[in-house]
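Residues per chain, in single letters:
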Amino acid sequence: MSEQTRYILNESDLPRRWYNILADSPVKPAPVLNPQTLEPVTPDVLSVIFPMNLIEQEVSLDRYIDIPEEVREIYKLWRPTPLIRAHRLEKVLGTPAHIYFKNESVSPSGSHKPNTAVPQAYYNKVAGVKAMTTETGAGQWGSALSMACNFFGMGLEVYMVRASHDLKPYRRILMQSYGAEVFASPTNLTDCGRAVLTQDPDCPGSLGIAISEAVEVAVKSGGLKKYGLGSVLNHVMIHQSVIGEEALKQMDLAGEYPDVVIGCVGGGSNFSGIAYPFLRENLKNGQRTRLVAVEPDAVPSLTQGVYTFDYGDTAKMAPVVKMHTLGHTFVPPSIHAGGLRYHGMAPSLSALYDAGLIQAVAVPQNATFDAALLFARTEGILPAPESAHAIRTAIDEALDAKEKGEKRVILFNLSGHGHFDLASYQMYLSGSLQDYALPAETIKASLSDLPEISL
Ligand SMILES: *Cc1c(COP(=O)(O)O)cnc(C)c1O
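Numbers given to residues run from 1 along each chain, matching the order in which its sequence is written. The predicted origin of the model limits local features to residues at a pLDDT of at least 70 and limits the giving and counting of side-chain atom pairs to 80 or more, whereas totals for whole chains, interfaces and linings rest on all residues. Values shown for side chains rest on all heavy atoms present in the structure; no hydrogens or waters enter the calculation.

1. Focus on the domain arrangement of the protein
No. 1: For the protein, the assigned domains are domain 1 (6–13 + 80–110 + 242–446) and domain 2 (17–67 + 112–227).
No. 2: Computed from C-alpha coordinates alone, the two centres of domain 1 and domain 2 are separated by 22 Å.
No. 3: Residues are treated as being in contact if the distance between any of their heavy atoms lies within 4.5 Å. Across the boundary between the two partners, domain 1 contributes 45 residues, which contact 43 residues of domain 2.
No. 4: Once two parts are brought into contact, the accessible area they lose, counted with a 1.4 Å probe and summed over both, makes up the buried area. Across the domain 1 to domain 2 interface the summed buried area is about 3600 Å²; carbon plus sulfur atoms make up 69%.
No. 5: The three residues of domain 1 that bury the most area against domain 2 are Ser109, Met317 and Phe420, which together make up 19% of that side's buried surface.
No. 6: Whenever Lys or Arg places a side-chain nitrogen within 4 Å of a carboxyl oxygen from Asp or Glu, that contact is recorded as a salt bridge. Where domain 1 touches domain 2, the interface holds two salt bridges.
No. 7: Linking Asp421 and Lys168 is a salt bridge whose minimum nitrogen-to-oxygen distance equals 2.5 Å.
No. 8: Contacts described as polar in this section are N or O atom pairs within 3.5 Å, which, within protein, must combine one atom able to donate a hydrogen with one able to accept it, while residues neighboring in sequence count only if both atoms come from side chains. Summed over the shared surface of domain 1 and domain 2, the number is eleven residue pairs in polar contact (both at pLDDT 80 or more).
No. 9: Counting residues per element, the ones that place at least two in the side of domain 1 that touches domain 2 are α11 (234–254), α12 (269–285), β12 (306–311), β13 (320–325) and α13 (347–354). Domain delimitation in this document rests on an assignment produced automatically or drawn from a domain database. Each helix is a run of DSSP H or I of at least 4 residues and each strand a run of E of at least 2, with the numbering of both proceeding from the N terminus.

Take a look at the structure:
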């Protein structure tokens, strides 16, 4: 068995096409609904928010989609990303398991998000859009889209969840350095922001509210501005498939094949990015890799949410989709420091989970930060708190393999680094992080305002 540590691909190995799970998924996607009429949405309604070229990708059932050369050229700034065997972590755990991770933290903005930010900016530019609008929570998506819009000479307005805006000033400065305009959401610049502030002037914001603001600005711009979303949508899952396609080649270089593939889930994009190409191998080539999505127990949309139609945002402006959701009025507990705060989940992932083709676990936050520090102290990289959820589960798999005396090949996605998340690490190191599993009553309350759909 090879004792190599880094598995590096050449620039020429950079994928030439993205993979679309909808071509192979045995579960067909539910229709996307117009939030006003609750009838299936028509492309002209979606085209107020998104350019037509991305809407075509969103509904595409093609198995592979060519990556435009302009996008591949920018991907080459950091892709292919390394696959790393975590020998030092294995040793400390004393496990017979082999642990590999795909290092998406090497992108210029520090996460997997530029994999979709760059093509989204490209397709908007090609469609003649002048500026984009978006929301950001922890700031990773806003940073990635700021970089991408700048590359294509487009403006960007970022509505940043106020709690993160105040806790993470350095992310805001990074976005501004790339040339974006950043607003703490809720703002008094939009109808929905003003409505929230009237009810609660100290509202810490939520992704759902910030999405409403960014969508409202795009809708009212008369076609000059379009909105970009960093997760959840099919076209985002498609763009992220470069992660898993590269990882397949790299596992081949390592002469192994994963028994389990693990990723954290907020809206589902980095997990889908690494997992869907392996799911294709399960569905078409008889592999039997377990695919495990990891969420915080404070925001348990897969393990505790319901699979139903819900709005993508708080103000009911974004389309209604069928997904695992905690309800569009959900506001995550402010004690939760680990990201992954969105109330819903990618429809494709929700459907696959519902069909039993994907597994999910929820983990508490102190155990997640324990795993993050063990990883930093063995492998040297301080992970994003989001990514630490995947690390927690990878370690649990490795310990389970040790207990059972099994050799197990574990692959997880390191979705980003934590260099801008030091305020959360500070809370952990000072002992002030509390575990907070979301109480059943809270879930019930936030699920009380779902749209009634008779489909
Ligand atoms: C945004 C983000 C996530 C969560 O989003 P997904 O769409 O579920 O991938 C996870 N990790 C990092 C580092 C992120 O920036």
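2. Comments concerning the sheet that holds strand β9 (residues 225–227)
No. 1: The parallel open sheet is built from four strands, whose spatial order is β8-β7-β6-β9. Looking at the sheet topology across the chains shown, the edges are occupied by β8 (181–185) and β9. Each adjacent strand pair in this sheet contributes to an overall mean axis angle of 25 degrees, direction not counted.
No. 2: Across five bridges, the pairing between strand β7 (residues 155–161) and β8 is parallel. Bridge pairing in β8 links Val161 to Ser185.
No. 3: Together, β6 (131–136) and β7 form the strand contacts of helix α6 (residues 140–151), whose direction differs from that of β6 by roughly 165 degrees. Two strands are said to pair when DSSP picks up at least two bridges between them. Only C-alpha atoms enter the line fits that serve as axes; for helices the fit covers just the stretch in contact. Angles between N-to-C directions range over 0 to 180 degrees.

3. As for the sheet that holds strand β1 (residues 6–7)
No. 1: Strands sit in the order β1-β4-β5-β15-β10-β11-β14 across an open sheet of seven strands; the sheet is mixed. The open sheet is flanked by β1 and β14 (359–363), the only strands paired with a single partner.
No. 2: Direction of pairing for strand β4 (residues 83–85) relative to strand β5 (residues 98–103): antiparallel, over a ladder of three bridges. Paired with Ile84 across the strands is Phe101, a residue of β5.
No. 3: On top of the sheet, helix α15 (residues 385–403) reaches β5, β10 (260–264), β11 (290–296), β14 and β15 (409–414); it is set at about 150 degrees to β10, its chief contact.

4. Digging into the environment of Val106
No. 1: Relative to the helices and strands, Val106 resides in the loop between β5 and α5 (114–126).
No. 2: Between the alpha carbons of Val106 and His417 there is a distance of 8.1 Å; along the sequence they are 311 residues apart.
No. 3: Once you skip the residues sitting within four places of it in the chain, Val106 turns out to touch Trp78, Thr81 and Pro82.

5. What to know about unusual backbone geometry
No. 1: Here the residue pair Arg79 and Pro80 is connected by a cis peptide bond, since its omega of -10 degrees sits within 30 degrees of zero.
No. 2: Relative to the assigned elements, Pro80 resides in the loop between α3 (69–75) and β4.
No. 3: Of note, the bond from Ser185 into Pro186 is cis; its omega dihedral lies within 30 degrees of zero at 5 degrees.
No. 4: Considering the arrangement of structural elements, one finds Pro186 in the loop between β8 and α9 (191–199).
No. 5: Of note in this structure, Val232 is not a glycine but carries a positive phi near 70 degrees.
No. 6: Partly exposed residues are those whose accessible area sits between 20% and 50% of the maximum for their type, while under 20% is buried and over 50% is exposed, using a 1.4 Å probe and protein chains only. On the basis of relative accessible area, Val232 is assigned to the buried category, the value being 8%.
No. 7: Residues other than glycine seldom take positive phi values, yet Lys316 does so here, at roughly 60 degrees.

6. Some remarks on the packing of aromatic side chains
No. 1: Pairing of aromatic rings covers Phe, Tyr and Trp, the last counted by its six-membered ring, and requires centre-to-centre distances within 6.5 Å; plane angles under 30 degrees mean stacked, over 60 mean edge-to-face, and any other angle means tilted. Tallied over the full model, the rule gives 13 aromatic pairs.
No. 2: Between Phe101 and Phe375, the aromatic rings sit 5.1 Å apart at their centres with planes inclined by 75 degrees, giving edge-to-face as the arrangement. Of this pair, Phe101 sits in strand β5 while Phe375 sits in helix α14 (residues 365–379), placing them 274 residues apart in sequence.
No. 3: Residue Phe101 is classed as buried on the basis of its relative accessible area, which comes to 1%.
No. 4: Relative to Tyr123, the ring of Tyr122 has its centre 5.2 Å away and its plane inclined at 70 degrees; by these criteria the two rings are edge-to-face.
No. 5: Owing to a relative accessible area of 11%, Tyr123 belongs among the buried residues under this scheme.
No. 6: Feature note: the residues Phe101, Phe375 and Phe412 constitute an aromatic cluster, connected by ring pairs.
No. 7: Whether a charge sits over a ring comes down to the Lys NZ or Arg CZ being within 6 Å of the ring centre and within 35 degrees of the ring normal. The cationic tip of Arg17 hangs over the ring face of Tyr64; the distance from NZ or CZ to the ring centre is 3.8 Å.
No. 8: Between Arg280 and the ring centre of Tyr19, over which it is positioned, the NZ or CZ distance is 4.6 Å.

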